[in-house]
Amino acid sequence: MASVRFTVTPTKAEDLPGLSDTSPDLSSRPSNRVHFGSRESVDPSDGLSEAGVANTASGGGGTGTPDHCSIEQGDGNSKISNVYINNSHGVDDDDFYDRNLALFEEEMDTRPKVSSLLSRLVNYTNLMQGAKEHEEAESIGDKKKTFKSPQMGTFMGVYLPCLQNIFGVILFLRLTWVVGTAGVLQALCIVFMCCCCTMLTAISMSAIATNGVVPAGGSYFMISRSLGPEFGGAVGLCFYLGTTFAGAMYILGAIEILLMYIVPDAAIFKGDGAAMLNNMRIYGSIFLLLMSLLVFVGVKYVNKLASIFLACVIISIISIYAGALVSTFKEPDFPVCMLGNRTINGHDVVDNQCRKTVLQVSDAAESIYSNATASYENSTTPPTYSPTVVEKTTFLWGHFCQSPELNASCDEYFTSNNLSVINGIPGLASGIITENLWSSYLSKGDVIEKSSLQSSHEAHPASTKHPYVFADITTSFTMLVGIFFPSVTGIMAGSNRSGDLKDAQRSIPIGTILAILTTSIVYLSSVVLFGACIDGVVLRDKFGDSVKGNLVVGTLAWPSPWVIVIGSFFSTCGAGLQSLTGAPRLLQAIAKDNIIPFLRVS
């Protein structure tokens, strides 16, 4: 049985002398050749050695029209010639595999081998493809362009970018507070609900990615080209707004870390509440301007910093797990001062004097002892000295009493309860998780209390003038879900790199789902570790006032809290740069599609 090979070669209109001026314009079509057929040998005895189809017009008189077709026979061979049919072009068969239908492109063996892991880490980038790159990838002209085959695999192209975008400021600044307020059980429920939402979204995105060819240009192009411009435009606008507000969130997170834990003296306005908000407005505007200038100068500089930001995130998370394990054998030294069952602000505990009074040697006795020592140098009789010990009030006394005298009038709750010190990080083996299992929702202005400690006059109201640690916001389960949910977003980072992936249909589903599973495990395990290692009053202390202004998650980190502080600062700055880079590119892609007419600038 003879095999047949068909070769179709479209040719420009000016090369066809039989075409009139009114013929359709074919010059804009590419001169790509599509070959399909069998490479089996043909037995000459079958009487049919070749059936060729080519696209060259005959210059003779009777073949001047494109519709003319002639069949020639001779010596057992049959040839079919047409103005579009000719087999005279001697083209290498392997050349056809470089130019084939896009639908079957992933089956062509035209890509180079995967480079080494070290080289890919050096060239790691987390930037989405913009409209310009997308157009260059899809545009086809008469001039042949050099095409660089995509090199990214599942690990570097999807998994790591998703990890970097999902892990963010919420993990370092607010997860401990969510655990302390909602309790371990409800916190696990919050994390599980949010992770399930992103998992369902990833499954839906994977269904689109595996249904045909994934276009270059990111998730917006993938959705709009698969589901139509209506769905694509709606999702793209929501994605753009979410990316923009995420950039603001990351910048504010970086400012909070800078002003509260790194350089507290840099605050322009002193105080709490409105003063802190004004500081964030000023420093946030400065940070936004600097980041915008960096993005404006060149995206390649942001790209070079991507690997550094990713390393900060990974090192910070590892230090949390290491600190939890070390706390089993050695408890970190973070004392918390308590008045009854109420938490005292650590900034007001001077010289670690968590007590009402201290015993000191009187000044007069010290003067007498000094004079006696001086006279002993000129005599052989040793001086006799009876020190006089007096009871003095501490710095905390002045906050609760009207004067530093011992007989001064003091607050009733202060008089009825004693001051005590507890360890803010009891450790993994302390069994503190039994106290942190249940929720402890507070209203704005409530004092953070430890229920296991005894106290009297609990109904006595706490004044804001006293150095307690107060709740700054009214909490509820719904509000905590809204605060935590941004920490599980960022799953589109892999699909945004669709044009750089070697096999997008395979890499996007696998990499995205694996990243969601990894981050979900980290979040769930972190909830359990925080509840099992940190005391509840420290967990509910949003800004770490009870531990003298330390970052709460940093108190658990090993070997130093500064690992978390510095790592979280750089990771939030990196996430902010990524948002400032990705949001304009996404809006540009929407404008190029002319979905919103006034956005398109000619």
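Note that this is a predicted model, so its numbers are computed, not measured.

Draft legend 1. Summary view of the overall build of the protein chain. On a plain count of helices and strands, the protein chain comes out with 17 helices and 9 strands. Out of the 602 residues in the protein chain, the part that is buried amounts to 42%. Pairs at least 24 apart in sequence give 81% of the contacts found in the protein chain among residues at least 6 apart. Accessible surface, the protein chain: about 31,400 Å² in total, of which carbon and sulfur atoms supply 60%.

Draft legend 2. Geometry of the pairing of strand β5 (residues 335-339). In terms of burial, β5 is largely enclosed, as 4 of its 5 residues are buried. Where β5 lies against strand β9 (residues 419-423), 5 bridges are found, and the strand directions are antiparallel. Bridge assignment links Met338 to a residue of β9, and that residue is Ser420. Two elements, β5 and strand β6 (residues 342-343), share 2 bridges in a ladder whose sense is antiparallel. Its bridge partner being in β6, Leu339 is matched across the sheet by Arg342. Counting the residues that bridge the hairpin from β5 to β6 gives 2 residues, and of these Gly340 lies at a positive phi of roughly 65°.

Draft legend 3. View of unusual backbone geometry. Pro559 follows Trp558 through a cis peptide bond whose omega is 10°. Positionally, Pro559 belongs in the loop between α16 (552-556) and α17 (561-592). Located in the positive-phi region is Lys548, a residue other than glycine, with phi close to 60°. Topologically, Lys548 is positioned in the loop between α15 (536-539) and α16. We note that Asn594 has phi near 60°; this positive angle belongs to a residue other than glycine. Summarising the element assignment, Asn594 is placed in the segment after α17. For Asn594, a relative accessible area of 41% gives the class partly exposed.

Draft legend 4. A look at the packing of aromatic side chains. Per the stated rule, a full pass over the model turns up 10 aromatic pairs. Judged by centre distance (6.2 Å) and plane angle (80°), the rings of Tyr468 and Phe470 are edge-to-face. Since its relative accessible area comes to 4%, Tyr468 is described here as buried. Residue classification places Phe470 among the partly exposed residues on the basis of a relative accessible area of 23%. Grouped by ring-pair contacts, the aromatic residues Trp397, Phe400, Phe414, Tyr468 and Phe470 constitute a single cluster. Above the plane of the ring of Tyr413 lies Arg342, whose end atom (NZ or CZ) is 3.8 Å from the centre.

Draft legend 5. Structural context of a nonpolar patch on the surface. On the surface, a cluster of nonpolar side chains totalling about 630 Å² of accessible area is made up of Ile268, Phe269, Ile282, Ile286, Leu289, Leu290 and Leu293. You can see Leu289 is positioned in helix α8 (residues 274-297). Accessibility expressed as a relative area gives 53% for Leu289, which makes it exposed.

Draft legend 6. Just the state of the cysteines, in detail. In this structure the tally under the stated criterion is 2 disulfides. The residue that forms a disulfide with Cys401 is Cys410, at a sulfur-sulfur distance of 1.8 Å. Here the disulfide of Cys401 and Cys410 is right-handed, its torsion about the S-S bond being about 105°. Take Cys410: its relative accessible area is 21%, and that puts it in the partly exposed class.

Draft legend 7. View of the sheet that holds β9. Read from one edge to the other, the open sheet built from 3 strands follows the order β6-β5-β9, with strand pairing classed as antiparallel. The sheet is open, and its two borders are formed by β6 and β9, each paired with just one other strand.

Draft legend 8. Molecular detail of the nonpolar core. If you look at the biggest cluster of nonpolar residues, it comprises 98 residues, and the most contacted ones within it are Phe287, Phe484, Tyr523, Phe530 and Ile534. If you tally residues by element for this core, the top one is helix α5 (residues 175-209), at 16 residues. When neighbours within four sequence positions are excluded, Phe530 is seen to be in contact with Leu175, Thr176, Val179, Ile320, Leu539, Val553 and Leu556. Counting 15 residues, the second largest nonpolar core, distinct from the first, contains Leu339, Leu396, Phe400 and Cys401.

Draft legend 9. Representation of the side chain of Asp541 within the structure. Mapped onto the elements of the fold, Asp541 is located in the loop between α15 and α16. Put simply, Asp541 is tucked away with no salt bridge, and the nearest opposite charge, on Lys542, sits 9.4 Å away. Engagement of the side chain of Asp541 in a polar contact is seen with the backbone nitrogen of Asp545, the distance being 2.6 Å. Every residue in contact with Asp541, bar those within four places of it in the chain, is listed here: Ile448, Val469, Ser546, Val547 and Val552.

Draft legend 10. Structural context of α5. Across its 35 residues, α5 extends only 33 Å between first and last C-alpha, which sits more than 12% below the 51 Å expected from 1.5 Å per residue. Largest kink in α5: about 115°, centred on Gly183.

Draft legend 11. Looking closely at the UniProt feature "transmembrane region" (unreviewed entry) in the protein chain. Cross-referencing UniProt, the feature "transmembrane region" (unreviewed entry) maps to residues 153-173, 185-210, 231-262, 282-301, 308-329, 473-493 and 514-539 in the present numbering. Structurally, residues 282-301 comprises 95% helix and 0% strand, and the distance from its first C-alpha atom to its last is 25 Å. Secondary structure content for residues 514-539 is 92% helix and 0% strand, while the C-alpha to C-alpha distance between its ends is 30 Å.

Draft legend 12. Spatial organisation of the confidence of the model for the protein chain. Of all residues in the protein chain, 70% have pLDDT values of 70 or greater, and the mean over the chain is 76. For residues 140-146, every residue scores under 50 in pLDDT, and the model assigns this stretch 6 contacts once sequence neighbours within four places are set aside.

Draft legend 13. Seen up close, the packing of helix α9 (residues 299-326) against helix α14 (residues 504-533). Following both chains from N to C, one finds α9 and α14 inclined at 35°, their axes separated by 11 Å at the closest point. Pair α9 / α14 crosses with left-handed handedness. Along its contact with α9, which presents Ile317, Ile320, Tyr321 and Ala324, the element α14 presents Ile521, Val522, Ser525, Ser526, Leu529, Phe530 and Cys533.

Draft legend 14. Examining the pattern of salt bridges more closely. Within this structure, the stated rule accounts for 6 salt bridges. The partner of Asp593 in a salt bridge is Arg225, with the nearest N and O atoms 3.0 Å apart. On the criterion of sequence distance, the pair formed by Asp593 in the segment after α17 and Arg225 in helix α6 (residues 219-227) is long-range, its members being 368 residues apart. Look at Arg225 and you get partly exposed, because its relative accessible area is 38%. A network of salt bridges, in which partner residues are shared, links Glu435, Lys450 and Asp535.

Draft legend 15. Here's a closer look at the packing of α8 against α9. Packing of α8 against α9 leaves a shortest axis separation of 5 Å and a crossing angle of 110°. Comparing their axes, α9 and α8 come out roughly perpendicular. Where α8 approaches α9, its residues Leu294, Val295 and Val297 are matched on the opposing element by Val299, Tyr301, Val302 and Leu305. Its residues assigned to classes, the contact of α8 with α9 comprises 7 nonpolar, no polar and no charged.

Scoring rules and cut-offs
Residues numbered from 1 in each chain as written. Predicted model: local features only at pLDDT ≥ 70, side-chain atom pairs only at ≥ 80, totals over all residues. Heavy atoms only, no water. Helix = DSSP H or I, 4+ residues; strand = E, 2+ residues; numbered from the N terminus. Buried < 20%, exposed > 50% of the residue type's maximum accessible area, 1.4 Å probe, protein only. Contact = heavy atoms within 4.5 Å. Areas by Shrake-Rupley, 256 points an atom, 1.4 Å probe, with all protein chains shown as cover. Pairing = 2+ DSSP bridges. Phe/Tyr/Trp six-rings, centres within 6.5 Å; stacked < 30°, edge-to-face > 60°. Lys NZ or Arg CZ within 6 Å of the ring centre and 35° of its normal. Patch = residues over 30% accessible without salt bridge, like charges linked within 9 Å, V, L, I, M, F, W, Y side chains within 5 Å. Salt bridge = Lys/Arg side-chain N within 4 Å of Asp/Glu carboxyl O. Disulfide = S-S within 2.5 Å. Core = buried A, V, L, I, M, F, W, Y, C linked by side-chain atoms within 4.5 Å. Lys, Arg positive; Asp, Glu negative; His and termini not counted. Polar contact = N/O pair within 3.5 Å; in protein donor to acceptor, adjacent residues only side chain to side chain. Expected span 1.5 Å × (residues − 1). Bend = angle between axes of the 7 residues up to and from the residue. UniProt positions renumbered as here; feature names shortened; annotations may be inferred. pLDDT = per-residue confidence, 0-100. Axes fitted to C-alpha atoms, helices over the stretch in contact; angles between N-to-C directions. Left-handed = near helix turned anticlockwise from the far one by under 90°. Parallel < 35°, antiparallel > 145°, perpendicular 65-115°, else oblique. Nonpolar A, V, L, I, M, F, W, Y, C, P; charged D, E, K, R; others polar.

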